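Residue-level structural notes
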Amino acid sequence: MNPFSSGTRLRDMIRAIRASKTAAEERAVVRKECAAIRAAISENDQDYRHRNLAKLMFIHMLGYPTHFGQMECLKLIAHSGFPEKRIGYLGLMLLLDERQEVLMLVTNSIKQDLNHTNQYIVGLALCALGNICSAEMARDLAPEVERLLQFRDPNIRKKAALCSIRIIKKVPELAENFMNPAAALLKEKHHGVLLTGVQLCTDMCKVSTEALEYFRKKCIDGLVRVLKDLSNSPYAPEYDVSGITDPFLHVRLLKLLSVLGQGDADTSDAMNDILAQVSTKTESNKNAGNAILYECVATIMSIEDNSGLRVLAINILGRFLSSRDNNIRYVALNMLMKAISLDSQAVQRHRATILECVKDSDASIRKRALELVYLLVNKSNVKSLTKELIDYLEVSDPEFKGDLTSKICSIVEKFSPEKIWYIDQMLKVLSEAGKFVKAEVWHSLIVVITNASNLHGYSVRSVYKAVQTAREQETLIRVTVWCIGEYGEMLVHNSGVLDIEDPITVTEADAVDVVETAIGRHSSDLTTQAMCLISLLKLSSHFPSCSKRINDIIFQYKGSLVLELQQRAIEFNSVMGKHSKIRSSLVERMPVLDEATYSGRKAGSVSPSVLTSQGAPLKLPNGVAKPTSAPLIDLLDISSDDIPAASPSDGNFLQDLLGVDLSPASSQQVSGTNQIQKSGTDVLLDLLSIGTPPAQSSSPALDILSSGQNGKSSVDSLDKLASPSAQVSTPLGSSSVMNLLDGFGSNPSVPVAKVNGPTYPSIVAFESSSLKATFSFSKESGNPQTTVIEAQFINKSPNIFSNFLFQAAVPKFLQLQLEPASSITLPASGNGSITQKLRVSNSQQGKKSLIMRIRISYKVNDKDILEEGQISNFPRDL
């Protein structure tokens, strides 16, 4: 017999393929076999059709094309015998998918097999339909599947339930046809049928609100009873797993209860007792028991509030953290991160155990535990937690120090109770892991030091002592060089000594030694060397006795190959030699850096206080991601009280900001052929890349920026704008600077709300393709600083939103209180809404307008959706 004829057995073909020593030999074997199969197909060989299809399936699994054999599947399915149908349906599921047009030809054959008298053939048809069913097939065959949910054989009912899940996912509107049969499956005694029935009900609840309400009313008592019987059932060998009866059914039942309990207090109350029973009676020394406990905890966290149950659930997670199984500890940390927004006090009780997880040998557990510790930090425990983390920083693995350093720096910056503690902790971090510290961190440290006038001496002595033991930490060296340059005389003269300090003796030569060592290090980069040169210039004025030595050090860099260092050395050498009379004024101390302005530019000046709709206070970034963009009013600081607003005659403030001339003549020169002047608003919008300015000019913002004054950067201009002496003028065509910023969020026309006292127009605060949020305003009598905002959320999409959560953050001059939302389920297509009240107190009423950053999260078809936005179009006088 030809080894590659259609009569070759499957095992012989597999043996020939496996005997191939190279990929080319394998391709040759497959090519010859495919040619033999094509010949058999063209000859309509019925004797070996099933064998040829089996070979094609193996070839398909190897990755070779087998489309030429798709019709053979349909021919075998149309055969009357069970063996042929079995191979045909297997080939159908493997070689085709729901996108194939050929699939439409098999619909009639599947319908006939669903009505077949042989239950095994019915099972084959259900199995195939559950795997490759398309929307069209689902509509055509749904009645047959619905009928089979009541079939006499439990295996057929089980397969019909699984097939129904596929159908309702493809065509959600068919879910209402399956509600009664699905509810009947929940009364089954056969665990296989019950398991699939529970899964069918769970998926129906996710795609249909009608099904969700139906199961809440009709089935909740039965489900609680089933779970209770299952939990109390005696030993059953058929379903026993590690001494626990059917843990798979346990988990599915708990998942369904979780879906039913979300947003419904009555349903949640009905399941409280059984959840408490499962939590306390399930053994945790086996993996099956841990799986049930974990799912029980997830259910407790998702249903309506019950503080006692939540404490019990968090205690279970605390026990998980003590397990020796890394997987159990990891899922416990994940769940605790979700639980902290619901009951932070209960999670705080397990703080010591969580801290131990930070020191775990497993990298995944370390990172997750560190994120959880970060969420646990507050004003009361920041010192103890920071000490633990810094102690561990000394012995942690190098690959983990980056993450750990970042979290410690963020914690210290956010929750520092006093500046001296902030300085001490930052120096410890710089000493232990300075190379992992980002630039903005040591920049912030310098800003804090300049603002703490009573700590200048303490700071320079602290960095001097720190650098003696950590000479290889680049960022620590930069801070030390900067401090010595600014406050070197305080270091030498021991000025401003605090009671907590140990006295040290430092000479002028010692101070210069530190800078000379730093600039001479082979590993010092350009930034460090440039800072050292500036520091030496300043020290030459503070320490006249070391002036010649300093001049010699600087002179060495006049021939540097790095242009920046060469230029600085030449200029500084000239200042010291030829312009000594003005040197003292040139090297005066840096003016105090505006801490609020620096923080505003770096973090957006958004207050760390955030309230969720449950009323639980959180801390940014603890539990809530940082805003992706800063509020523009605080970013530019143009609404600050200390900046007088100039009249329009003083000129356009963008001219000062950008250093360009925005007069009509200048604008025409920049734009070339364009004769239309570009407004100041357009330039600012282009500069900040926000909004869509009116299409009035084709002149790009880059052309305008390129016409600015030489040597003047946008950062310098921003610094000038933020300074007390800055003059802010009104842009052309705009009534005020604030209107310019408020104008880029176009606001649809909305009705005016009826309120107590003055009336304020309602605004569309947020709108996307699927969600719309409208704010209406009113004032409390006798308290003009407080505004009551009623937020109304409308779902524009055809899908129901569940787990709806609204969060908001405001700047520091505002205080925000959120009341609970009217619901956590938002009906589809505008057939209802969610309302929620907010109270905002404005301490700068009349001076600063309201501004708010919002975050809205919800679930659609079991998928988490997150939307964010910034609201700056509030009425001016709120």
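Here the structure is a predicted model, which is why all the values come from computation and not from measurement.

1. Here we look at the overall build of the chain
Within the chain, the regular secondary structure consists of 40 helices and 12 strands. Buried residues in the chain amount to 50% of all 878 residues. Residue pairs in contact within the chain that sit at least 24 positions apart in sequence constitute 67% of those at least 6 positions apart. On the chain, roughly 41200 Å² of surface is accessible, and the fraction owed to carbon and sulfur atoms is 50%.

2. A closer look at the sheet that holds strand E5 (residues 763–767)
Spatially, five strands are ordered E5-E6-E7-E10-E9 in an open sheet, and the strand pairing comes out antiparallel. With partners counted over all chains shown, the strands left at the sheet margins are E5 and strand E9 (814–818), one partner each. Strand-to-strand twist in this sheet, taken as the mean axis angle between neighbours without regard to direction, amounts to 25°. Across five bridges, the pairing between E9 and strand E10 (residues 833–842) is antiparallel. Bridged to Gln817 within E10 is Arg839.

3. Things to note about the side chain of Ser279
When you line up the elements, Ser279 lands in helix H15 (residues 265–281). Aside from chain neighbours lying at most four places away, what touches Ser279 is Leu293, Cys296, Ile300, Leu312 and Ile316.

4. So, the nonpolar core
Among the nonpolar cores identified, the biggest contains 203 residues, and Leu92, Met204 and Phe215 are the most heavily contacted of them. If one sorts the elements of this core by residue count, helix H27 (residues 474–493) sits on top with 11 residues. Aside from chain neighbours lying at most four places away, what touches Leu92 is Cys73, Leu74, Ile77, Leu103, Val106, Ala128 and Ile132. Counting residues in each nonpolar core, the second largest holds 33 residues, with Ile763, Ile789, Phe804 and Ile834 among its members.

5. Thoughts on helix H6 (residues 107–114)
By the burial criterion, the buried members of H6 are Thr107, Ser109, Ile110, Asp113 and Leu114. Down the axis, H6 shows its buried residues gathered within 165° of arc, on one side only. Packing partners of the buried residues in H6 comprise helix H4 (70–77), helix H5 (82–95), helix H7 (119–132) and helix H8 (135–148).

6. Observations concerning the packing of helix H24 (residues 419–433) against helix H25 (residues 439–451)
Contact geometry for H24 and H25: axes closest at 11 Å, N-to-C directions at 145°. Of the two possible hands of crossing, H24 and H25 adopt the one that is left-handed. Each of Lys419, Tyr422, Ile423, Met426, Leu427 and Leu430 in H24 lies in contact with H25, whose residues at this interface are Val441, Ser444, Leu445, Val448, Ile449 and Asn451.

7. A few points about the packing of helix H28 (residues 508–520) against helix H30 (residues 547–555)
A pair of packed helices can be characterised by two numbers: the angle between their axes and the separation between those axes. Close contact between H28 and H30 brings their axes to 11 Å; oriented N to C, the two are set at 5°. Judged by the angle between their axes, H28 and H30 are roughly parallel. Touching Ala509, Val512, Asp513, Glu516 and Ile519 of H28 are Arg549, Ile550 and Ile553, all from H30. Residues that form the contact of H28 with H30 fall into these classes: five nonpolar, no polar and three charged.

8. Quick word on unusual backbone geometry
If you check the backbone angles, Asp246 has positive phi at about 45° while not being a glycine. By the secondary structure assignment, Asp246 is in the loop between strand E2 (244–245) and helix H14 (247–261). A positive phi angle, near 55°, is found at Ser829, a position not held by glycine. Following the sequence through the fold, Ser829 ends up in the loop between E9 and E10.

9. Considerations on the environment of Arg583
With respect to the secondary-structure elements, Arg583 resides in helix H32 (residues 580–586). Of the residues examined, Arg583 reaches a relative accessible area of 14% and is grouped as buried. Remark: the alpha-carbon pair of Arg583 and Phe572, spanning 11 residues in sequence, is separated by 9.5 Å. In this view, Arg583 contacts Ser540, Ser541, Ser547, Val575 and Met576; residues no more than four positions away in its chain are not counted.

10. Some details on the packing of aromatic side chains
Taken as a whole, this structure holds 10 aromatic pairs when the rule is applied. Between Phe777 and Phe874 the ring centres are 5.9 Å apart and the planes differ by 70°, which places this aromatic pair in the edge-to-face class. Separated by 97 residues along the polypeptide, Phe777 in strand E6 (residues 771–780) and Phe874 in the segment after strand E12 (863–871) bring together distant segments of the chain. Note on Phe874: relative accessible area 3%, which makes it buried. In textbook terms, an aromatic cluster arises when at least three aromatic residues are bridged by ring pairs, as seen for Phe793, Phe801, Phe804, Phe806 and Tyr858. Sitting above the plane of the Phe68 ring, Arg38 keeps its charged end 4.2 Å from the centroid. One Lys or Arg, Arg366, reaches over the ring of Phe400 and ends 4.8 Å from the middle of that ring.

11. Looking at the pattern of salt bridges
Scanning the model with the defined rule gives 32 salt bridges in all. Here Arg366 and Asp397 are joined by a salt bridge, their closest N and O atoms 3.6 Å apart. Residue Arg366 is located in helix H21 (residues 363–376), and its partner Asp397 is located in the loop between helix H22 (382–395) and helix H23 (398–415); the two are separated by 31 residues in the primary sequence. For Arg366, a relative accessible area of 3% translates into the label buried. With a relative accessible area of 33%, Asp397 lands in the partly exposed category. Salt-bridge contacts for Lys548 lead to Asp552; the nearest nitrogen and oxygen are separated by 3.4 Å. A residue pair is termed a helical-turn pair when its members lie 3 or 4 positions apart in one helix, as Lys548 and Asp552 do in helix H30 at four residues. Its relative accessible area of 63% is what places Lys548 among the exposed residues. Residue classification places Asp552 among the partly exposed positions, given a relative accessible area of 38%. Taken together, the salt bridges that share partners define one network made up of Arg9, Asp12 and Arg15.

12. Looking at the pairing of strand E7 (residues 783–795)
Regular strands have side chains that alternate between both faces of the sheet. In the sheet, E6 pairs with E7 via 10 bridges, with the strands oriented antiparallel. Bridge assignment links Lys779 to a residue of E7, and that residue is Thr787. Counting the residues between successive antiparallel strands, the hairpin from E6 to E7 contains two residues, one of them, Gly782, with a positive phi of roughly 80°. Sheet analysis places E7 next to E10, joined by nine bridges and oriented antiparallel.

13. A few points about the pairing of E6
For E6, a buried count of seven out of 10 residues is recorded, marking the element as mostly surrounded by other parts of the structure. As paired strands, E5 and E6 are joined by four bridges and run antiparallel to one another. Counted as the bridge partner of Ile763 is Phe775 from E6. Hairpin connection, E5 to E6: the antiparallel pair is bridged by three residues.

14. A short note on H30
Taken together, the buried positions of H30 are Ser547, Ile550, Ile553 and Ile554. Taken down its axis, H30 places every buried residue within 120° of arc, on the same side. In this structure, the buried side of H30 is in contact with H28, helix H29 (526–542), helix H31 (563–578) and H32.

Conventions used here
- Residues numbered from 1 in each chain as written.
- Predicted model: local features only at pLDDT ≥ 70, side-chain atom pairs only at ≥ 80, totals over all residues.
- Heavy atoms only, no water.
- Helix = DSSP H or I, 4+ residues; strand = E, 2+ residues; numbered from the N terminus.
- Buried < 20%, exposed > 50% of the residue type's maximum accessible area, 1.4 Å probe, protein only.
- Contact = heavy atoms within 4.5 Å.
- Areas by Shrake-Rupley, 256 points an atom, 1.4 Å probe, with all protein chains shown as cover.
- Pairing = 2+ DSSP bridges.
- Axes fitted to C-alpha atoms, helices over the stretch in contact; angles between N-to-C directions.
- Core = buried A, V, L, I, M, F, W, Y, C linked by side-chain atoms within 4.5 Å.
- Arc of directions from axis to C-beta.
- Left-handed = near helix turned anticlockwise from the far one by under 90°.
- Parallel < 35°, antiparallel > 145°, perpendicular 65-115°, else oblique.
- Nonpolar A, V, L, I, M, F, W, Y, C, P; charged D, E, K, R; others polar.
- Phe/Tyr/Trp six-rings, centres within 6.5 Å; stacked < 30°, edge-to-face > 60°.
- Lys NZ or Arg CZ within 6 Å of the ring centre and 35° of its normal.
- Salt bridge = Lys/Arg side-chain N within 4 Å of Asp/Glu carboxyl O.

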